[in-house]
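# Inside the fold
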Amino acid sequence: MANSRSARKRIRSSERKHIRNRAVKSAVRTKVIKARHALLEEGGATGEAELHAAIKALDRAAEKGVLHRNNARRRKSRLASMAARLANVAEGVEGAAVRSAAAGGAKGRSAKQPARATASTSAAKSAPKAPAAKATTPRVAAAKPAAPKAAAAVKPAAKTPKSK
């Protein structure tokens, strides 16, 4: 805990700023996502409006100091280049596959996410190897409760001769 009055005040003010910054970052993230989705859809008018709203939100967050100015510039550049690629595609061949490729992946996903999907499919392919791992698990389980299982096996055997 802080010892001085100024340190306590600093904690209070930083908590207020943290709450404000979190709300601004969330709003910026929402507007950027809406802009991406609007650009991917066929209607160009809403995409342009959402793009301008996202750029305005990024500028405002950078002005307030919530985002670093280079971070805001980089995000605006990515949005603008995505819009330009999609505009070029709209002039040429129209198709969902072409649009998604221009957006940077399937349905606007980044290049990193398909790599994760590939990793999950490779994990699914390694699932047939799982029985070998299960074979080691019963040995460990059998080693721990070996005496109770043996006793349980002996008790029914002892009961069956008595019932005869």
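The rules behind each value
Residues numbered from 1 in each chain as written. Predicted model: local features only at pLDDT ≥ 70, side-chain atom pairs only at ≥ 80, totals over all residues. Heavy atoms only, no water. Helix = DSSP H or I, 4+ residues; strand = E, 2+ residues; numbered from the N terminus. Buried < 20%, exposed > 50% of the residue type's maximum accessible area, 1.4 Å probe, protein only. Contact = heavy atoms within 4.5 Å. Areas by Shrake-Rupley, 256 points an atom, 1.4 Å probe, with all protein chains shown as cover. Salt bridge = Lys/Arg side-chain N within 4 Å of Asp/Glu carboxyl O. Expected span 1.5 Å × (residues − 1). Core = buried A, V, L, I, M, F, W, Y, C linked by side-chain atoms within 4.5 Å. Axes fitted to C-alpha atoms, helices over the stretch in contact; angles between N-to-C directions. Parallel < 35°, antiparallel > 145°, perpendicular 65-115°, else oblique. Nonpolar A, V, L, I, M, F, W, Y, C, P; charged D, E, K, R; others polar.

### Some points on the overall build of the protein
Scanning the protein for helices and strands turns up seven helices and zero strands. For the protein, with 164 residues in total, the buried portion stands at 17%. Within the protein, contacts between residues at least 6 apart in sequence are counted, and of these 47% link residues at least 24 apart. A total accessible area of about 12300 Å² is found for the protein, and carbon and sulfur atoms account for 58% of it.

### Regarding the pattern of salt bridges
Using the criterion set out here, one finds one salt bridge in the structure. Here Lys76 makes a salt bridge to Asp59, at a shortest N to O gap of 2.5 Å. Of this pair, Lys76 sits in helix H3 (residues 69-91) while Asp59 sits in helix H2 (residues 44-64); the two residues are 17 residues apart in sequence, bridging distant segments of the chain. In this structure Lys76 comes out as partly exposed when scored by relative accessible area, which is 21%. A relative accessible area of 34% means that Asp59 is categorised as partly exposed.

### A closer look at helix H1 (residues 5-40)
Here H1 is 36 residues long and its end C-alpha atoms lie 53 Å apart, about the 52 Å a rise of 1.5 Å per residue gives. Taken as a whole, H1 has its buried residues at Ser13, Val24, Val28, Val32, Ala35, Ala38, Leu39 and Leu40.

### Quick look at the environment of Arg75
For Arg75, the location among the structural elements is in helix H3. Taking the C-alpha atoms as reference, Arg75 lies 9.6 Å from Ala54; in sequence the two are 21 residues apart. The residues touching Arg75, leaving out its near neighbours within four places in the chain, are Val28, Leu58 and Leu67.

### Some words on the nonpolar core
Soluble globular proteins tend to pack their nonpolar side chains together in the buried interior. Of all hydrophobic cores here, the largest spans 18 residues; its most connected members are Val28, Val32, Leu58, Ala61 and Leu79. Contributions of two or more residues to this core are made by H1, H2 and H3. Looking at this core, the element that brings in the most residues is H1, giving six residues. Filtering out sequence-adjacent residues up to four positions away, Val32 remains in contact with Ala54, Leu58 and Leu79.

### Comments concerning the environment of Lys31
Secondary-structure assignment places Lys31 in helix H1. Separated by 25 residues in sequence, Lys31 and Lys56 place their C-alpha atoms 9.5 Å apart. Beyond its immediate sequence surroundings of up to four residues, Lys31 is in contact with Ala53, Ala54 and Ala57.

### Overview of H3
Within an α-helix, residues lying three or four positions from one another point in the same direction, as the helix has 3.6 residues per turn. With 23 residues, H3 extends 33 Å between its outermost C-alpha atoms, agreeing within 8% with the 33 Å of an ideal straight helix rising 1.5 Å per residue. Listing the buried residues of H3 in full gives Ala72, Leu79, Met82, Ala83, Leu86 and Val89.

### A look at the packing of H1 against H3
The geometry of H1 relative to H3 is characterised by a closest axis approach of 10 Å and an angle of 10 degrees between their N-to-C directions. When the interaxial angle is binned, H1 and H3 end up roughly parallel. Contacts between H1 and H3 involve Val28, Val32, Ala35, Arg36, Leu39 and Leu40 from the first element and Arg75, Leu79, Met82, Ala83 and Leu86 from the second. Partitioning the contact of H1 with H3 into residue classes produces nine nonpolar, no polar and two charged.

Remember, this is a structural readout, not a statement about activity or role.
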